[in-house]
Amino acid sequence: MSASPSPNLLRRGDDWFTGRGWTAFPFQHEAWKAYLDGKSGLVNAPTGSGKTYSLILPILLEFLKEHPDDPAKANNGLQAIWITPIRALTREIQAAAERAIEDLGMKWRVGIRSGDTKTGERTKQRNKPPEILITTPESLHLLLASKGYEKFFSDLRVLVADEWHELLGTKRGVLVELALSRLRGIRGNAFRTWGISATIGNMQEALDVLVPAGTRERIIIRAKASKETEMITVMPDEIETFPWAGHLGIKLLEKVVPIIYESGSTLIFTNTRSQCEIWYQRLLEADPDLSGAIAMHHGSISRELRDWVEDALHQGTLKAVVCTSSLDLGVDFRPVETIVQIGSPKGVARFLQRAGRSGHRPGAKSTIHFVPTNSLELLEASALRRCIENEVIESRIPYIRSFDVLVQYLVTLAVSGGFRREEVLKEIRGTFCFASVSDEEFAWCLDFITTGGNSLGAYDEYHKVVRDEEGVYKVESKRVAMMHRLSIGAIVSETTLMIKYMSGGYIGAIEEYFISSLKPGDTFWFAGRSLKFMKVKGTEALVKKSNAKKGKVPSWRGGRMQLSSQLSAYLRKSLEELKLEDYHDAELLKLAPLRDIQAHRSAVPATDELLIEYFHDREGYHLLMYPCEGRGIHEGLSSLIAYRIGQFAPLTFTIAMNDYGFELLSDQPIPIEEALGSDLFNLTELTADLNAGINATEMAKRRFRDIAAIAGLIFKGYPGKQKKEKHLQSGSQLFFDVFTDYEPTNLLLQQAYDEIMTFQLQEARLRSALERINGQTILFQQPRKATPFSFSLIVDRLRERVSSESLQDRIKRMRLALVRE
DNA sequence: GACCTGCTGCGGCTTG
């Protein structure tokens, strides 16, 4: 059926919606109204709730209102841009939009502009823009880098940022902010901005970043119906034999098998790609009947194989898929029935997002099984449960002053028509990210792209942009323009090798350093297959099928997720309940025997206590503290404490940390009591001591690699011919050193240090952690041997230093030492 | 009796 279009359609909206078998929710009506009133805003709705229609429809309806007699009018120019963080979502949105257009009897076209869009299609789009264009932040910037883009955008009335919570808090979000500032510059008041976001802790800020105050009237629209989530912890039968350390979780594997059988379809989330590979194999070993019924999915597996898995899941031919966060977003599955999370999700938002992949219908309950991988994760389960009950959820902290992205953007504009200083400065100051940029800083950026700045002036290749007589900044060199288009974006990946069969066929990607640990003929497992490594050819690692049952499992250097501050706070509460034997949930009750060992050998801290353990064994003198603040904070805190103790005695420490605490290990006695008596946690000297204690230069140097790549200092190579990691590393280090020596005020260099303070050491959070510790009672314990709390720290440290074979020996020896005592 | 850590996302050329 094709509803006859009418300006009154909104009022008859219910009929039209139910006619299609959809339900119209109050929040959708609210969004339609706000949109048609000319507002900008943010729609806060879960996936599966019809959030796309909450914004597609009013865009169409507004046009119909303006052209009631000519709904089929074609060639209206580009009316709306829809941004998504991942390409796979563009097709879904296109389908939804086309459905709505057809229902209204309109003739609008919906185009996709992404890396998948063919050249011919791109040309067509440029000559005759679709009314709705669905794209990614990167592709939008590529459009800004093409000649005559102003004309292309000249009819635009709205930009919708879908899954805005995914982009906020990333440099890709900064790309969106910058593109928006330009579109507002072109279209002025005729332009609206809308976002669609899942619930996060800082909803208002999410709106402020997307739609700066003062641009238009703004509103946040919330879908009221909150999703019910049931969390089921998979319990070890007896805590006595459950590991105190480790993150693999195989011990509970046999309890996961029945979960798979009881449900039509299951997603099993793991935290790392290697864990994903291992679980897939182990599940098949545990139950060969699952062969053909389960598959795996992670980011290093080729797109082709992943598509196959996604399709099979969609069609219901697979019972379960073991995956990483590669399936957090993306393909709109036929609702998956059951979710399993192996190991700590480290954050409430991530856990709920994964849970939400089940019961993917409005009103349906989501169910998630949590599989702890070690004893302390039962504590996290309890904390997680409380966070869900109290609707505590993490925030996404937006980047500010990302000069690398700004510099890239300026060159992007210079590649197309060129830009004028005052105009662009005014626009970027309207963004959240660059509101505080001073005249001098902006002048530095212009200098940097025109002359290479103070330190690179001698090198022509950094004179990318010229300023002509009329004051327009533009790129004149075709080569510079091309290389720039090739490097637009804010994602910097590890360089990888493609895994290919000798006979052809691409399976996935693997990191250089893993392949360098293999000899030709070695077997390894990848994508659930046993492969024999043959040789490296260019950027390809060639392999053959193997029948070997044993082999290495690759590991990748990914990001380290750390416990969120929200979850950390609840973890400390759970600890207190453990101490008080206030067992309000099954997880804590299960931990009772472990609690007794900890309390007997040492102590369990309450929320107003800081536990410090100090003991001596054949390894040396161990000093352990448990602030339970998450790994990043412990990284800063441990260096700070090590530095301050070092003021009393010239000691060398080996430092280890995890989400619960940190360890300082020394071969000499540690004057801890003296140190504790001396205001060890004082805040006054924090910045100075931190700078003295950490190796900020080393940390900043690593961080600088990405900054240099985004700012266009390092060319990553032509597509399919990427440069070796070694070259990228040494290139960025060279720049780092040159800037440090000759231009210490270089904004990119400073940015590297700022990012360390903001994201890695999290100075603000560190400060409040110290404040909290200063108000706590110190619980100083001298256990005779390792405690349950200390165990995972000690094992982690051992693992970092030695190979896994000898790790077994080490642990065996440790155990013997424990027994002997 | 305690161990196999480390996510995701995008984009794109030339010349034979």
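The rules behind the values
Residues numbered from 1 in each chain as written. Chains lettered and ligands numbered in written order. Predicted model: local features only at pLDDT ≥ 70, side-chain atom pairs only at ≥ 80, totals over all residues. Heavy atoms only, no water. Salt bridge = Lys/Arg side-chain N within 4 Å of Asp/Glu carboxyl O. Helix = DSSP H or I, 4+ residues; strand = E, 2+ residues; numbered from the N terminus. Buried < 20%, exposed > 50% of the residue type's maximum accessible area, 1.4 Å probe, protein only. Pairing = 2+ DSSP bridges. Axes fitted to C-alpha atoms, helices over the stretch in contact; angles between N-to-C directions. Domains from an automatic or database assignment. Parallel < 35°, antiparallel > 145°, perpendicular 65-115°, else oblique. Left-handed = near helix turned anticlockwise from the far one by under 90°. Contact = heavy atoms within 4.5 Å. Nonpolar A, V, L, I, M, F, W, Y, C, P; charged D, E, K, R; others polar. Expected span 1.5 Å × (residues − 1). Bend = angle between axes of the 7 residues up to and from the residue. Disulfide = S-S within 2.5 Å. Polar contact = N/O pair within 3.5 Å; in protein donor to acceptor, adjacent residues only side chain to side chain. Phe/Tyr/Trp six-rings, centres within 6.5 Å; stacked < 30°, edge-to-face > 60°. Lys NZ or Arg CZ within 6 Å of the ring centre and 35° of its normal. Core = buried A, V, L, I, M, F, W, Y, C linked by side-chain atoms within 4.5 Å.

Chemist: Is there a simple way to think about the pattern of salt bridges in this case?
Modeler: When their charged atoms lie close together, side chains carrying opposite charge are able to pair. All told, the structure shown has 45 salt bridges when counted by the stated rule. Note that Glu 138 and Arg 172 form a salt bridge whose closest N and O atoms lie 2.8 Å from each other. With Glu 138 in helix H6 (residues 137-144) and Arg 172 in helix H9 (residues 171-187), the pair connects residues that are 34 residues apart, well separated along the chain. For Arg 172, a relative accessible area of 15% translates into the label buried. Between Asp 468 and Lys 474 there is a salt bridge; the shortest N-O distance is 3.6 Å. Because the salt bridges share partners, they merge into one network encompassing Glu 62, Glu 66, Arg 157 and Arg 192.

Chemist: Help me out: how do you make sense of the sheet that holds strand E20 (residues 529-537) in this one?
Modeler: Hydrogen bonds between backbone atoms are what pair the strands of a sheet, whose relative direction is either parallel or antiparallel. The strand order E18-E17-E21-E20-E19 describes an open sheet built from 5 strands, whose pairing is mixed. Two strands close off the open sheet at either side, each with one partner strand: strand E18 (506-511) and strand E19 (523-526). Neighbouring strand axes in the sheet, compared pairwise and without regard to direction, differ in orientation by 45° on average.

Chemist: How do you make sense of the domain arrangement of chain A when you look at a structure like this?
Modeler: One frequently used descriptor of interface size is the decrease in accessible area upon assembly of the parts. Split by domain assignment, chain A resolves into domain 1 (7-222), domain 2 (229-389), domain 3 (400-490), domain 4 (496-545) and domain 5 (602-696 + 761-819). On a C-alpha basis, the centres of domain 1 and domain 4 stand 42 Å from each other.

Chemist: Is there a simple way to think about the packing of H9 against helix H16 (residues 403-415) in this case?
Modeler: Packed helices, taken two at a time, are described by the angle their axes make and the gap between the axes. Across the interface, H9 lies against H16 with an axial gap of 10 Å and an inter-helix angle of 40°. Taken as axis vectors, H9 and H16 run oblique relative to one another. In this structure, the crossing between H9 and H16 has a hand that is right-handed. Side by side, H9 and H16 meet where Lys 171, Val 174, Leu 175, Leu 178, Ser 181 and Arg 182 of the first sit next to Asp 404, Val 405, Leu 406, Gln 408, Tyr 409 and Leu 413 of the second. Considering only residue class, the contact of H9 with H16 consists of 7 nonpolar, 2 polar and 3 charged.

Chemist: Explain the pairing of strand E13 (residues 366-371) here, please?
Modeler: Within a regular strand, side chains alternate between the sheet's two faces. With 6 of 6 residues buried, E13 lies mostly within the body of the structure. Side chains Ser 366, Ile 368 and Phe 370 project from E13 onto one buried face, and the interleaved Thr 367, His 369 and Val 371 project onto a second face that is buried too. Pairing of strand E12 (residues 338-342) with E13 involves 4 bridges; the strand directions are parallel. Within the sheet, the bridge partner assigned to Gln 341 lies in E13 and is Phe 370.

Chemist: Explain the sheet that holds strand E25 (residues 662-666) to me, please; I cannot follow it from the model alone.
Modeler: The 5 strands lie next to each other as E24-E25-E23-E22-E28, forming an open sheet whose pairing is mixed. Each edge of the open sheet carries a strand with a single partner, namely strand E24 (654-657) and strand E28 (777-781). Across the sheet, the mean angle from the axis of one strand to that of its neighbour is 15°, orientation sign disregarded.

Chemist: Before we go on, may I ask you to explain helix H28 (residues 696-710) in this structure?
Modeler: Every α-helical turn comprises 3.6 residues, leaving residues that sit three or four positions apart pointing alike. Helix length check: H28 (15 residues) gives 21 Å between terminal C-alpha atoms against 21 Å at 1.5 Å per residue, within 8%. A maximum bend of about 30° is found in H28 at Phe 704. Of the positions making up H28, those classed as buried are Ala 696, Met 699, Ala 700, Lys 701, Phe 704, Arg 705, Ile 707, Ala 708, Ala 709 and Ile 710. Check the buried side of H28 and you find it contacts H9, H16, helix H25 (631-646), helix H29 (725-742) and helix H30 (747-760).

Chemist: Would you explain the state of the cysteines in this entry?
Modeler: Here, disulfide denotes a covalent bond that connects the sulfur atoms of two cysteines. Overall, the coordinates contain 0 disulfides when judged by the stated rule. The structure places no disulfide on Cys 323, whose sulfur is separated from the nearest cysteine sulfur, that of Cys 276, by 6.6 Å. Cys 433 provides the cysteine sulfur closest to Cys 445, a residue in no disulfide bond, and the two sulfurs are 11 Å apart.

Chemist: In this structure, what is going on with the environment of Tyr 614? I would like to understand it.
Modeler: Within the secondary structure layout, Tyr 614 lies in strand E22 (residues 609-617). According to the relative accessible area criterion, Tyr 614 is buried, its value standing at 12%. Separated by 299 residues in the primary sequence, Tyr 614 and Gln 315 place their C-alpha atoms 57 Å from one another. The contacts of Tyr 614, once residues within four sequence positions are left out, are Tyr 621, His 622, Leu 623, Pro 669, Ile 670, Ile 672, Phe 780, Gln 781, Gln 782 and Pro 783. Within polar-contact distance, the side chain of Tyr 614 engages the backbone nitrogen of Ile 670 at 2.9 Å.

Chemist: It is not clear to me how the packing of aromatic side chains should be interpreted in this structure. Could you clarify?
Modeler: We describe a pair of aromatic rings using the distance from one ring centre to the other and the angle between the two ring planes. This model, assessed by the stated rule, comprises 18 aromatic pairs. On the basis of an interplanar angle of 85° and a centroid distance of 6.2 Å, the ring pair of Phe 351 and Phe 370 is categorised as edge-to-face. Note that Phe 351 is positioned in helix H14 (residues 348-355) and Phe 370 in strand E13, a separation of 19 residues in sequence. An identical accessibility class is assigned to Phe 351 and Phe 370; each is buried. Here the aromatic cluster, defined as three or more aromatic residues joined through ring pairs, consists of Tyr 462, Phe 704, Phe 735, Phe 736, Phe 739 and Tyr 753. It is Arg 192 that lies over the ring of Tyr 35; its NZ or CZ is 4.0 Å from the centre. Over the ring of Tyr 501 we find Lys 545, and its NZ or CZ is 5.3 Å from the ring centre.

Chemist: Could you clarify how one ought to interpret the environment of Met 625 in this entry?
Modeler: Along the chain, the position of Met 625 falls in strand E23 (residues 620-625). The class for Met 625 is buried, based on a relative accessible area of 1%. Each residue touching Met 625, except ones within four places of it in the same chain, is listed here: Leu 611, Ile 612, Ile 641, Tyr 660, Gly 661, Phe 662, Ile 672, Leu 680 and Phe 681.

Chemist: How do you make sense of the packing of H9 against helix H17 (residues 421-429) when you look at a structure like this?
Modeler: In the contact formed by H9 and H17, the axes pass within 9 Å of each other and the chain directions differ by 120°. Classified by the interaxial angle, the pair formed by H9 and H17 is oblique. In the packing of H9 onto H17, the handedness of the crossing is right-handed. Where H9 approaches H17, its residues Leu 178, Ser 181, Arg 182 and Gly 185 are matched on the opposing element by Glu 423, Glu 427 and Ile 428. Among the residues forming the contact of H9 with H17, the class breakdown is 2 nonpolar, 2 polar and 3 charged.

Chemist: Looking at this model, I keep getting lost on unusual backbone geometry. Mind explaining?
Modeler: Excluding glycine, residues mostly carry a negative phi; peptide bonds, for their part, are mostly trans. In this structure, Ala 527 takes a positive phi of about 50° despite not being glycine. Tracing the sequence through the fold places Ala 527 in the loop between E19 and E20. A positive phi angle is found at Cys 628, which is not glycine, with a value near 50°. Along the chain, Cys 628 falls in the loop between E23 and H25.

Chemist: Even after reading the chapter, I still don't get the nonpolar core, so can you show me in this structure?
Modeler: One broad trend across soluble globular proteins is that nonpolar side chains are buried collectively. Judged by nonpolar contacts, the single largest core of 119 residues is most densely connected at Phe 153, Trp 164, Ile 645, Phe 704 and Leu 713. Looking at which element gives the most residues to this core, the answer is H16, with 10 residues. The residues touching Ile 645, leaving out its near neighbours within four places in the chain, are Leu 623, Leu 651, Phe 653, Leu 664, Ile 670, Pro 671, Ile 672, Ala 675 and Leu 680.

Chemist: Would you mind showing me how to read the side chain of Thr 412 here?
Modeler: With respect to the element layout, Thr 412 can be found in helix H16. Engagement of the side chain of Thr 412 in a polar contact is seen with the side chain of His 484, the distance being 2.8 Å. Here Thr 412 is in contact with His 141, Leu 144, Ala 145, His 484 and Ile 488, once residues within four sequence places are set aside.

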